[in-house]
Each structure stands twice: as structure tokens, then as C-alpha cells.
Amino acid sequence: MTDRFLARAIHFDESDQMIFHTPARTGEWCISGGFEFSNWSEGDLSGKSRQAFANGWLGLETFGRVTVVAITKVEDQEIDALAQALAGHFVSHYGAPSIDAAMGVAKEEISQMCDLCADQPPNTLLMVSRELTEAGVKESYRMVEPQSAGLDQFAVHGSLDEPDQI
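Keep in mind that this is a model prediction, so the values were computed, not measured. (Residues numbered from 1 in each chain as written. Predicted model: local features only at pLDDT ≥ 70, side-chain atom pairs only at ≥ 80, totals over all residues. Heavy atoms only, no water.)

**As for the nonpolar core**
Item 1. If you look at the biggest cluster of nonpolar residues, it comprises 33 residues, and the most contacted ones within it are Trp57, Ile110 and Met113.
Item 2. Secondary structure elements with two or more residues in this core: strand 1 (4-10), strand 2 (29-31), strand 3 (57-59), strand 5 (68-74), helix 3 (76-94), helix 4 (99-117) and strand 6 (125-133).
Item 3. By residue number, the principal contributor to this core is helix 4, which donates eight residues. (Core = buried A, V, L, I, M, F, W, Y, C linked by side-chain atoms within 4.5 Å. Buried < 20%, exposed > 50% of the residue type's maximum accessible area, 1.4 Å probe, protein only. Helix = DSSP H or I, 4+ residues; strand = E, 2+ residues; numbered from the N terminus.)

Okay, here's the thing in C-alpha cells:
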């Protein structure tokens, strides 16, 4: 059986606590979560919502956002539990008719994240950036291998002097 990999939320400082409405908890499993923005327009991109759109990974326990995730091994049982939680989130927040009906989409979202993490060394750091295009939301990813990761490679988001602009 081949090892599978997924990403966990990590924090280098307290900035995620200030820039996201709901920050993800350190260590929780994460996916892109770009589906949340599928119906957004430029008018939706302000303040903390803009930050979640621009660089936030989605935590699968708190359904909060985090800026940086790290790749690590995941067990099949954990993936099953995460799919169940995500399907429940689709029911409670997006109007899916049932967990059974949402399960296929939940598994696909997690599978896409596993594919992104596959063939990368453990502890590789991932960042996501999104932009709105005429075709919809475009995501791009940046990977920083463990031995080359330095704190100077990460962006500082917003302004601490102007809380409304974060």
C-alpha cells in the first residue's frame, strides 16, 4: 500500500488570527477550499473575506482559514473521517440534500489535495493564491521544500495599523 499525503495547518506567528474571520487551528488537516468562492465577484473581495479568498487554505475541523500548510502522511481512516466532516459541512453550509449526496464531492476535494501533496517531501510548505478571472477562480500554488524554507519567504498580509484593511 502506498503512503498518502495531505497538508496540515501551520503557523509561524499570530497573523492568521488577525487576518481571517475564522482562523484554522494549528495541526488540522486542510484542503484548498476554493469551492467557497465559486460564486464570488469583485464586490465580495474586501477585508478579511478578501484575505481568505486570496491566500486561505480551508481547515477540515474548524472550517477556518490558514495561510501556510505543511505536507505530511495521512492514514486512510483519517481521510474517511475528513470526507464525512466535509460532506456534513456541505449539508450545513451549502445546502447539499444529504451527507450521502455530498460524499462524492467531499471525497473528490480531498483527493485533489492528496494529488497536490503526492510526490512532495514531507514538511514541504504550500501556499495558495487565487484570482478572479472571466472563467472563474484561478488557483496557483507555491511549494517550499523543507531545507530551503525561511521566514523571509512568507508575505505579511494587510496592515496592523488599519484593522479594516486586513
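Anyway, onward from the coordinates.
**Considering the pattern of salt bridges**
Item 1. According to the stated counting rule, one finds seven salt bridges in the structure shown.
Item 2. For the salt bridge of Arg130 with Glu139, the shortest nitrogen-to-oxygen distance reads 2.7 Å.
Item 3. Its relative accessible area of 25% is what places Glu139 among the partly exposed residues.
Item 4. Salt bridges here are not isolated pairs; linked through shared partners, they connect Asp3, Lys73 and Glu75. (Salt bridge = Lys/Arg side-chain N within 4 Å of Asp/Glu carboxyl O.)

**Looking at the sheet that holds strand 3**
Hydrogen bonds between backbone groups are what pair the strands of a sheet, and the pairing can be parallel or antiparallel.
Item 1. Strand order in the open sheet formed by seven strands is 4-3-2-1-5-6-7, and the pairing between neighbours is antiparallel. At either margin of the open sheet sits one strand with a lone partner, and together these are strand 4 (65-66) and strand 7 (136-144).
Item 2. Together, strand 3, strand 4, strand 6 and strand 7 form the strand contacts of helix 2 (residues 47-55), whose direction differs from that of strand 6 by roughly 115°.
Item 3. Packing against the sheet, helix 3 makes contact with strand 1, strand 2 and strand 5, and its axis sits at approximately 60° to strand 1. (Pairing = 2+ DSSP bridges. Contact = heavy atoms within 4.5 Å. Axes fitted to C-alpha atoms, helices over the stretch in contact; angles between N-to-C directions.)

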